[in-house]
Amino acid sequence: MWPGPLRGTVVVASRAGTGPGVAADEGVPVGGRADMTVDVAIVGGGIAGAALATVLARDGYEVLLLERQTSYRDKVRGEILVCWGVAEMLALDLEKPLLDAGGHYVTRGVLYDEVIDPATAKEQAIPLDRLLPGVPGALDVGHPEACEALARTAADAGATVLRGVGDVEVVPGARPTLRYELDDLVTTVSAGLVVGADGRTSSIRRRLGLALRETRPTTMGGGMLVDGLDAWPADQASLGTEGDLYHLVFPRAHGRARLYLLHDVAQRGRFAGPDRQARFLDAFQFRCLPDAEVFRSGRPAGPCAFYPMNDTWTDVPCAPGVVLIGDAAGWNDPIIGQGLSIALRDVRMVADVVRAGPDRSVTAFTPYVQERQERMRRLRLAAKIQTALVATFTPSGAARRKAFYTVFRTDPVLGGPRLAAQLGPEKVPAEAFGPENVARILAMG
């Protein structure tokens, strides 16, 4: 059992040497305890880890949540829950903390693109609030605010949340153990299950020796949080290509929006330098946007950063007594914005395994492993097709995109890879991800 006074609290490292555990040098019990026992220990207190901690703590499980950062920072990504991800959020009963964190529903998606007349694009807006039953739209939320809110919600549900944790070591097995450092003190924990939710550079994945497979990036994607966009419709997201840039606009309340740009990977560093924020905003003077002047009033409200865009995956994201979720288990190319939705699906499926009984073997996680393998396979293809459509900055790329846009809404197989990004990869025909359909799309134009 976790010591009573700490359960349901958030402890942030003070670096004063007063944290719980075993003194690293002397190996002397602190507070009379050298070893802790919990039902579930989660390494990584981002959205995936904090969401799982909340769900399991609400069920009465003894949960320990370990987070490296003492405060969450703007990572310029991971801020959109597409419609199928909102359905996962609602199923997990996590809407309130995310709305309290500033989450904002977007009900229309407009394809403002160089191959479509702006008036026609607006008339053909995608009704995000009518795509899935009971789903009021896509949800835009700040990543640092969402992490903070979910960590606090996990603590309120009874989880113990420790932030500022140093090195973590895990030993898989029928009863896995982990050791973590906090305030120069080391604690050994015995857990029924260890969950690696520690992101793209997951130390848990490395320590388990699980290979991360990856595709080669073809684009760079970057974003910036912007204030002062009060004239932009708060219920309308925008995406489209013009010239050699693909843009996305995800609005929030009170004139704030997260703006994104993608360009060819060969132009790495295009928005580098001390004036990157100004040049980033200037790039939004697209002719395909009917109100591009709106962006002249924008004010940077966060960093401007770019990342290579690619897919990664682990074939089997688990070991005896240990399972990976979220980016730790592999991520989808962010060009289709699936990261948060993937994380919440992972949370729901792993929580179901925990609830099913005490078995924490690799076999027990077979349903999660198999579903995730197929889910990520389909999303990889969806991202590949999206890149071919919107981020192939050539005349043939534009021709392909124009031909696709005229028919994808009325052909559920042809349009399946595009529609899957909002409906969910399992909600479109399986043949949409077959080689014949992929080849058919890539040959358009």
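A quick note: this is a predicted structure, and the numbers were derived from the prediction, not measured.

1. Details of the pattern of salt bridges
Enumeration over the complete set of coordinates arrives at 29 salt bridges. Among the salt bridges present, the one from Arg 58 reaches Asp 93, with a minimum N-O distance of 3.8 Å. Taken as a pair, Arg 58 in helix H1 (residues 47-58) and Asp 93 in the loop between helix H2 (83-91) and helix H3 (95-100) lie far apart in primary sequence, 35 residues in all. In this structure Arg 58 comes out as partly exposed when scored by relative accessible area, which is 38%.

2. As for the environment of Asp 74
Mapping Asp 74 onto the fold places it in the loop between strand E4 (63-67) and strand E5 (80-81). Between the C-alpha atoms of Asp 74 and Cys 304, which are 230 residues apart in sequence, the distance is 9.8 Å. Beyond its immediate stretch of four places on either side in the chain, Asp 74 contacts Glu 79, Pro 144, Leu 225, Arg 258, Gly 302 and Pro 303. At 2.8 Å, the side chain of Asp 74 and the backbone nitrogen of Val 76 are in polar contact.

3. Brief notes about the environment of Tyr 246
Following the sequence through the fold, Tyr 246 ends up in strand E17 (residues 245-251). Taking the relative accessible area as the measure of exposure, Tyr 246 reaches 0% and is therefore buried. With sequence-adjacent residues up to four places away left out, Tyr 246 is seen in contact with Leu 239, Gly 240, Thr 241, Tyr 260, Leu 261, Leu 262, Ile 335, Gln 386, Val 390 and Phe 393.

4. Here we look at the packing of helix H9 (residues 366-390) against helix H12 (residues 435-442)
Two elements in contact, H9 and H12, have axes whose closest approach is 10 Å; the angle formed by their N-to-C orientations is 15 degrees. Viewed along their axes, H9 and H12 adopt a mutual orientation that is roughly parallel. H9 and H12 meet at a crossing whose hand is right-handed. For the pair H9 and H12, contact is made by Leu 381, Lys 384, Ile 385, Ala 388 and Leu 389 and by Val 438, Ile 441 and Leu 442, respectively. For the contact of H9 with H12, the class distribution of residues is seven nonpolar, no polar and one charged.

5. Some details on the environment of Gly 85
Considering the arrangement of structural elements, one finds Gly 85 in helix H2. Separated by 162 residues in the primary sequence, Gly 85 and His 247 place their C-alpha atoms 22 Å from one another. For Gly 85, the contacting residues outside a window of four places in its chain are Ser 341 and Leu 344.

6. What about helix H8 (residues 339-356)?
Side chains of residues three or four places apart in an α-helix project in the same direction, reflecting 3.6 residues per turn. Between its terminal C-alpha atoms H8 stretches 26 Å, which fits the 26 Å expected from 18 residues at 1.5 Å a residue. Note on H8: the residue one or two positions beyond its end, Gly 357, has a positive phi of about 155 degrees.

7. Notes on the sheet that holds strand E6 (residues 104-106)
Strand order in the open sheet formed by three strands is E5-E9-E6, with antiparallel pairing between adjacent strands. With partners counted over all chains shown, the strands left at the sheet margins are E5 and E6, one partner each. Pairing of E5 with strand E9 (residues 138-140) involves two bridges; the strand directions are antiparallel. Looking at the pairing, Leu 81 lines up with Leu 139 of E9.

8. As for the state of the cysteines
Per the stated rule, a full pass over the model turns up zero disulfides. For the unlinked cysteine Cys 304, the closest cysteine sulfur is that of Cys 288, found at 19 Å.

Definitions and cut-offs
- Residues numbered from 1 in each chain as written.
- Predicted model: local features only at pLDDT ≥ 70, side-chain atom pairs only at ≥ 80, totals over all residues.
- Heavy atoms only, no water.
- Salt bridge = Lys/Arg side-chain N within 4 Å of Asp/Glu carboxyl O.
- Helix = DSSP H or I, 4+ residues; strand = E, 2+ residues; numbered from the N terminus.
- Buried < 20%, exposed > 50% of the residue type's maximum accessible area, 1.4 Å probe, protein only.
- Contact = heavy atoms within 4.5 Å.
- Polar contact = N/O pair within 3.5 Å; in protein donor to acceptor, adjacent residues only side chain to side chain.
- Axes fitted to C-alpha atoms, helices over the stretch in contact; angles between N-to-C directions.
- Parallel < 35°, antiparallel > 145°, perpendicular 65-115°, else oblique.
- Left-handed = near helix turned anticlockwise from the far one by under 90°.
- Nonpolar A, V, L, I, M, F, W, Y, C, P; charged D, E, K, R; others polar.
- Expected span 1.5 Å × (residues − 1).
- Pairing = 2+ DSSP bridges.
- Disulfide = S-S within 2.5 Å.

This is a description of form; function is not addressed.
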